[in-house]
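Letter by letter, the chains look like this.
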There are 2 protein chains.
Amino acid sequence: MSSDPPGFELPLRLFMGFRMIIDELHAELARQGHPDVRPMHGFVMQAVGPHGTTAVDLGRTLGVSKQAAGKTIDTLERLGYVERSTDPADSRRKIVKLTPHGIDALMKSAAIFDDLRRTWSHTLGEDRLRALEEDLRTMTPPDFFRLDIPGWFGGL
Amino acid sequence: MSSDPPGFELPLRLFMGFRMIIDELHAELARQGHPDVRPMHGFVMQAVGPHGTTAVDLGRTLGVSKQAAGKTIDTLERLGYVERSTDPADSRRKIVKLTPHGIDALMKSAAIFDDLRRTWSHTLGEDRLRALEEDLRTMTPPDFFRLDIPGWFGGL
DNA sequence: GTAAAATAGACAACCAAGTTGTCCATAAGG
DNA sequence: CCTTATGGACAACTTGGTTGTCTATTTTAC
């Protein structure tokens, strides 16, 4: 009987798996006309969602301060992925919406993610991959969103 | 027959799993006398290793510039986890070594990682957990180290 | 109906971790 | 010996985060 693998291997492998998928996503995204979208931007654009949001709200969704959310929106706006407009019903608020360019990036990301999952399925077998996903679902909180990825590595 | 899960769930779950383990590690480490060690520091200390290293070497191991490695060493030195001494055989080089405090942090980390793995084993069953680890080993590069975690999230 | 409180966003100063570029001291090799 | 390579330090800049302060607007409460 072989002994258990050291405990530190598990988080490392989880991270390496994550990183491989994200790196391949962005390499492919670069090839498909989105060379300057960064890992974080994808999450932020997902959090912006189809109906738009505000800086304060986005901050809440992502688990960062409204100022940090505002700065990220600045960047995304400069890159042409989102645009801001004033809320006619409340002139304090600025509604942040995805541009067509942003929507394109999101749709291409979804297709690439599906392709990458097919690669894993091909290598591991669909049964094993489903078991892996199921086990991860068991061990992690049920809600996808609110992953507060931005700034996680700095934040402790 | 149920359809495949969306491709983007897999990287998210991998990351959430990683994050949960690392967050729990650091919560426990804080309780055990290491409140200010950050996720990155653990990886850096692992890379420093028992024999010590230099800034240039550490940068190579971690995949960052020597300047970045130097700054991280500054931080770790200020926190008391490593110390620098001049190499008697080459007065250009400064040898970076773990202090007893650093070694303590590393040993406690290993024990906590093993505990956390036992929790996963308890919930999923040892067989499923081993299958999960085996599948991740299949999908990720074989070498643990050289994970160039520091600065990854900024870097593309 | 107006005064007080809450909210949205902007701006500034700062931190952490990374980058490139420059420079100096020491070591190694022609 | 003189030239080149190496290790480390310093500076300026980039990103993504933080707090704190400030203004404009909207909501609430009397």
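Residues numbered from 1 in each chain as written. Chains lettered and ligands numbered in written order. Predicted model: local features only at pLDDT ≥ 70, side-chain atom pairs only at ≥ 80, totals over all residues. Heavy atoms only, no water.

The name recorded for chain A in an unreviewed UniProt entry is DNA-binding MarR family transcriptional regulator, from Nonomuraea endophytica.

Draft legend 1. Inspection of the side chain of Arg117 of chain B at higher detail. With respect to the helices and strands, the residue Arg117 of chain B is situated in helix 5 (residues 100-124). Sequence-distant contacts of Arg117 of chain B, that is, excluding residues within four places in its chain, are made with Asp4, Pro5 and Gly7 of chain A together with Glu126, Leu129, Arg130 and Glu133 of chain B. (Helix = DSSP H or I, 4+ residues; strand = E, 2+ residues; numbered from the N terminus. Contact = heavy atoms within 4.5 Å.)

Draft legend 2. Examining the environment of Asp57 of chain B more closely. With respect to the helices and strands, Asp57 of chain B occurs in helix 3 (residues 55-62). Placed 12 residues apart in sequence, Asp57 of chain B and Ala69 of chain B show a C-alpha to C-alpha distance of 8.8 Å.

Draft legend 3. Structural detail: the relation of the copies chain A and chain B. When chain A is brought onto chain B, the operation consists of a screw motion whose angular component is 179° and whose axial shift is 0.0 Å, with 0.1 Å RMSD remaining. Taken together, the rotation and translation relating the two chain copies correspond to the operation of a two-fold axis. Relative to the rotation axis, the closest C-alpha in chain A is found at Leu14 of chain A, a distance of 2.5 Å. The share of interface residues of chain A whose copies in chain B are also at the interface is 100%, consistent with both copies meeting through the same surface. (Least-squares fit on C-alpha atoms with pLDDT ≥ 70 in both.)

Draft legend 4. Spotlight on the packing of aromatic side chains. Within this structure, the stated rule accounts for four aromatic pairs over all chains. With 6.1 Å between their ring centres and 45° between their planes, Phe15 of chain A and Phe18 of chain A make a pair best called tilted. One end of the pair, Phe15 of chain A, and the other, Phe18 of chain A, are both in helix 1 (residues 9-31), three residues apart, so they sit about a helical turn from each other. Every member of this aromatic cluster is reached through a ring pair, and the members are Phe15 and Phe18 of chain A together with Phe15 and Phe18 of chain B. (Phe/Tyr/Trp six-rings, centres within 6.5 Å; stacked < 30°, edge-to-face > 60°.)

Draft legend 5. Structural context of the packing of helix 2 (residues 39-48) of chain B against helix 3 of chain B. Residues and elements named next belong to chain B. Here helix 2 crosses helix 3 at 115°, and the two axes come no closer than 10 Å. For the pair helix 2 and helix 3, the sense of crossing is right-handed. Listed contacts from helix 3 to Val44, Ala47 and Val48 of helix 2 are Leu58, Thr61 and Leu62. Of the residues assigned to the contact of helix 2 with helix 3, the class counts are five nonpolar, one polar and no charged. (Axes fitted to C-alpha atoms, helices over the stretch in contact; angles between N-to-C directions. Left-handed = near helix turned anticlockwise from the far one by under 90°. Nonpolar A, V, L, I, M, F, W, Y, C, P; charged D, E, K, R; others polar.)

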